[in-house]
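Tertiary structure, described
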Amino acid sequence: MTRLSQYFLPTVKEAPADAEAVSHRLVVRAGLARQVGAGMWTWLPAGWRAHRKVEQIIREELEAIGCWEMLMPVLQPADLWKRSDRYDIDEVFKLKDRRGADLVLAMSHEENITFHMAREVRSYRDLPKLVYHFQTKERDEPRPRAGVLRTREFIMKDAYSFDRDREGLDRSYDRFVTAYDRIFDRSGLEWYRVESDVGAMGGFGAHEYMAPCAAGENDVALTSSGYAANVEVASAAPQRVDGLPEELDAPERAQTPGATTVEEVAGQLGAPAGAIIKAFPVFVDDRGPVLVVVRGDHRLNEIKLQNVLGAGFRPAQGEEVRDVFGAIPGFIGPVGARVDVIADQALKGLRGLVAGGNETDVHLTGVEPGRDFRPTWADVRSVEAGDTAPDGAAIHIEPAIEVGNIFKLGLRYSEPLGARYLDEDGTEQFVWMGSYGIGPARVVAAAVEQGSDEQGIAWPRAVAPFDVELVTLGKEGEEARTVADRLYEELQEAGLDVLYDDRTASAGEKFADAELVGCPLRLTVGKRSVESGELEVQVRRGREQRSLSLDGAAAEVAALWRELP
């Protein structure tokens, strides 16, 4: 019995002052969740209902591919994480028990599930295995933001596959692709599957499921022909540079007083930004200083660079720049560099470029990569809108929320944690593993982002906290109230989840709250309805108004609800 007079749904008119994302503002205003501290949120009843609806869709589709639910603990022995070499990740919460034993609060469960499989799987006959769970995750997020989108504690569905070889892993991976595609279709989201970086998870292949929206913290490179990749890993042919300076037989010095930015150098020398070589002095873990250079109209992609280096790195700072790289920032260049140089491939084949002269207020003109300096070539830039994707189509870039990810982990965790099996010949082999995650809270937030207007949320049918909101304008003892009470019972009997606004509030307040909370259908019963014998219906998406006969209204409402997206 969900009567709003008794339900905990604390709607508010004003959004938090720090709320920038639409979902942050509306999740708070619609009474779905409340913040406890930085990155820590409490789901209130209506918000939790939406969360649970997403969970149920996930359960149904995973079990359809033979993946079975279990539950693993958040608190885990640190030894497992030390063996997998993830203990020192900054985002991992670490603690000790009263006896001084090291523990972690898990931000994912690869170590835990591999520990069990290492003890339970003995033979090739035991494989494949597909399992999943929903569990709280803890992440020492340095910059919690955007409400429930980036938090320090959240519930995640993670699933794992265990196979005997690469081919088996590929088959399991494809099964999860099928399940994930159906999950996000059923959730009512606009989404796409993109190539992505494996990141801290490790492995050798990954995809992310992205829901496009303005609040997204990821940029996705897309083409009209179907290419899709996270900008972290996307590759493309660069746009040509028009108006390159004159080619020279050798670099020449040019005075550029105070010109430390690409724009200033381009302005003083009359060259396009794409003709400037932009330099990034960095220190690489266990390697030392390296100079990375890209075109002046491009951006360094730190994820790509880290993958090329195979190690972490940091920008050179303060006196390190002058002492190690030989100049102050803005005038560092690759010609005569004292350190190894990595050049982005977009510089290859260009001539007549401008680079820092490695002395204050001096740049070199007529620089030709490969002639005047010999770098290691690599793809270390972020693609830009208008570049050409591998399929030949022009790229455009959209912000998006990551709502799910899938990884081919291979032997990344099996080897350090000893997950082996005996094959048909009695030979011991390592188990091949995949990992598959979905954040239900992110699906909820993405649904809010994609389905909102100036009045509030307009939920997709599948994840709305309630199917229908019934608003009565009648007071106790009035016929309109009696009719509304009876309709409430009939709607429930018809199988609909109904939020019944039976409060004594004004009609204006009830309608404003209904549009803010955003149930797919709003039904209104008042004196006019009783007199006309018609039920007032609003389809929340588009705010379309309809009328249905009060006689048999519950069945008609249920049929209308089933037609909604």
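Because the structure is a prediction, the values reported are computed rather than measured. (Residues numbered from 1 in each chain as written. Predicted model: local features only at pLDDT ≥ 70, side-chain atom pairs only at ≥ 80, totals over all residues. Heavy atoms only, no water.)

**What about the pairing of strand S5 (residues 93–96)?**
This is how the line gets drawn: When DSSP finds at least two bridges between two strands, those strands are taken to pair. Put simply, DSSP H or I for four residues or longer makes a helix, DSSP E for two residues or longer makes a strand, and each gets a number counted from the N terminus.
Judged from the four bridges that link them, S5 and strand S6 (residues 102–105) form a sheet pairing that is antiparallel. Looking across to S6, one finds that lysine 96 is bridged to aspartate 102.

**Notes on the packing of aromatic side chains**
Inclusion rule: Stacked, tilted and edge-to-face are the three classes applied to pairs of Phe, Tyr and Trp rings, where Trp contributes its six-membered ring and a pair requires centres within 6.5 Å; stacked means planes under 30 degrees apart, edge-to-face means over 60, and tilted covers the rest. For every residue, the accessible area obtained with a 1.4 Å probe (protein chains only) is divided by the maximum for its type, and the residue is called buried under 20%, exposed over 50%, and partly exposed between those limits. Distance and angle both matter: a charge sits over a ring if NZ of Lys or CZ of Arg is within 6 Å of the ring centre and within 35 degrees of the ring normal.
Enumeration over the complete set of coordinates arrives at eleven aromatic pairs. The interplanar angle of 45° and the centroid separation of 6.4 Å between the aromatic rings of phenylalanine 184 and tryptophan 191 together place this pair among those described as tilted. Its relative accessible area of 0% is what places phenylalanine 184 among the buried residues. By relative accessible area, tryptophan 191 is classed as buried at 19%. Aromatic pair tryptophan 191 and tyrosine 209: ring centres 5.5 Å apart, planes at 40°, arrangement tilted. Highlighted residues: tryptophan 191 in the loop between helix H5 (166–186) and strand S9 (192–195) and tyrosine 209 in strand S10 (residues 205–212), separated in sequence by 18 residues. On the accessibility criterion, tyrosine 209 (0% relative accessible area) is buried. Three or more aromatic residues joined by ring pairs form one cluster here, namely Tyr180, Phe184, Trp191 and Tyr209. The ring of tyrosine 87 carries the charged tip of lysine 94 above its face, separated from the ring centre by 5.4 Å. One cation-aromatic arrangement involves arginine 461 over tryptophan 561; the distance from NZ or CZ to the ring centre is 4.7 Å.

**Describing the side chain of serine 172**
The cut-off we apply is this: Residue contacts are defined here by distance: any two heavy atoms, one from each residue, within 4.5 Å place the two residues in contact.
For serine 172, the position within the fold is in helix H5. In contact with serine 172, other than residues within four places in its own chain, are Leu130, Ser161, Asp163 and Tyr436.

**Overview of unusual backbone geometry**
Residue proline 128 is bonded to the preceding leucine 127 through a cis peptide linkage, with omega at 5°. Structurally, proline 128 is set in the loop between helix H4 (110–120) and strand S7 (129–138). Phi is positive for alanine 146, close to 60°, though the residue is something other than glycine. Its place among the elements puts alanine 146 in the loop between S7 and strand S8 (153–163). The class for alanine 146 is buried, based on a relative accessible area of 11%. One non-glycine residue, asparagine 358, lies in the positive phi region at around 60°.

**Focus on the sheet that holds S5**
Threshold: Axes here refer to lines fitted to C-alpha atoms; in helices the fit is confined to the stretch in contact. Angles between the N-to-C directions go from 0 to 180 degrees.
Here we have three strands laid out as an open sheet, ordered S4-S6-S5, and antiparallel in their pairing. Since the sheet does not close on itself, it has two edges, and those belong to strand S4 (75–77) and S5, each with one partner. With direction set aside, neighbouring strand axes in the sheet form an average angle of 35°. The pairing of S4 with S6 spans three bridges and is classified as antiparallel. Its bridge partner being in S6, leucine 75 is matched across the sheet by leucine 105.

**A closer look at helix H2 (residues 45–64)**
Residues spaced three or four apart along an α-helix point in a common direction, a consequence of the helix completing one turn every 3.6 residues. Note the threshold: A helix is expected to reach a length of 1.5 Å times the quantity of its residues less one.
Between the first and last C-alpha of H2 there are 29 Å, a value that for 20 residues agrees with the 28 Å anticipated at 1.5 Å per step. Taken residue by residue, H2 has Ala46, Gly47, Ala50, His51, Lys53, Val54, Glu55, Ile57, Ile58, Arg59, Glu61 and Leu62 as its buried positions. Two residues or fewer past H2, glycine 66 is found with a positive phi of approximately 80°.

**Focus: the environment of glutamate 20**
Along the chain, glutamate 20 turns up in the segment before helix H1 (22–29). Note: C-alpha distance between glutamate 20 and glycine 147 (127 residues apart in sequence) is 8.8 Å.

**Some words on the nonpolar core**
As a reminder of what qualifies: Note on terminology: a nonpolar core comprises buried Ala, Val, Leu, Ile, Met, Phe, Trp, Tyr and Cys residues joined through side-chain atoms within 4.5 Å.
Counting 61 residues, the largest nonpolar core has Phe176, Tyr180, Phe184, Val403 and Trp459 as its most contacted members. Top element by residues in this core is H5. It accounts for eight residues. In contact with valine 403, not counting residues within four places along its chain, are Phe184, Leu189, Tyr209, Met210, Ala211, Ile438, Gly439, Arg442, Val443 and Ala446. Ranked by size, the runner-up nonpolar core spans 28 residues in total, among them Ala78, Val121, Tyr413 and Leu417.

**Side note on the confidence of the model for the chain**
Going by this rule: What pLDDT expresses is the predictor's confidence in each residue, scored from 0 to 100.
Averaged over the chain, the pLDDT score is 93; the fraction of residues at 70 or greater is 99%. Ranking the elements of the chain by mean pLDDT puts helix H8 (residues 319–325) last with 84 and H2 first with 98.

**Observations regarding the layout of surface pockets**
Selection rule: Within this scheme a cavity is a closed region of a 1 Å grid, computed over the protein atoms alone, that accommodates a 1.4 Å probe without allowing it to escape, whereas a pocket is open but has protein on both sides within 12 Å along at least five of seven lines; lining residues each have an atom within 4 Å of a point. Grid points are joined across faces, edges and corners, and a volume is the space filled by probe spheres set on the points.
Its volume calculated, the second largest pocket comes out at about 280 Å³. If you go around the second largest pocket, you meet 21 residues; those closest to its centre are Thr260, Lys278, Ala279, Pro329 and Gly330. At the level of elements, helix H6 (262–269), strand S14 (277–284) and strand S18 (353–356) are the ones that each hand at least two residues to the lining of the second largest pocket.

**A word on the packing of H2 against H5**
Let me state the cut-off plainly: Any angle from 65 to 115 degrees is called roughly perpendicular, while one under 35 is roughly parallel, one over 145 is roughly antiparallel, and all others are oblique. Two helices crossing with the near one rotated counterclockwise from the far one by less than a right angle form a left-handed crossing, whereas a clockwise rotation gives a right-handed crossing. Residues are grouped as follows: nonpolar covers Ala, Val, Leu, Ile, Met, Phe, Trp, Tyr, Cys and Pro; charged covers Asp, Glu, Lys and Arg; every other residue, Gly included, is treated as polar.
For the pair H2 and H5, the least separation of the axes is 9 Å and the interaxial angle reads 150°. Viewed along their axes, H2 and H5 adopt a mutual orientation that is roughly antiparallel. As H2 runs across H5, the sense of the crossing is right-handed. In this structure, H2 uses Ile57, Ile58, Glu60, Glu61 and Leu62 to contact H5, whose residues at the interface are Phe176, Ala179, Arg182, Ile183 and Arg186. By residue class, the composition of the contact of H2 with H5 is six nonpolar, no polar and four charged.

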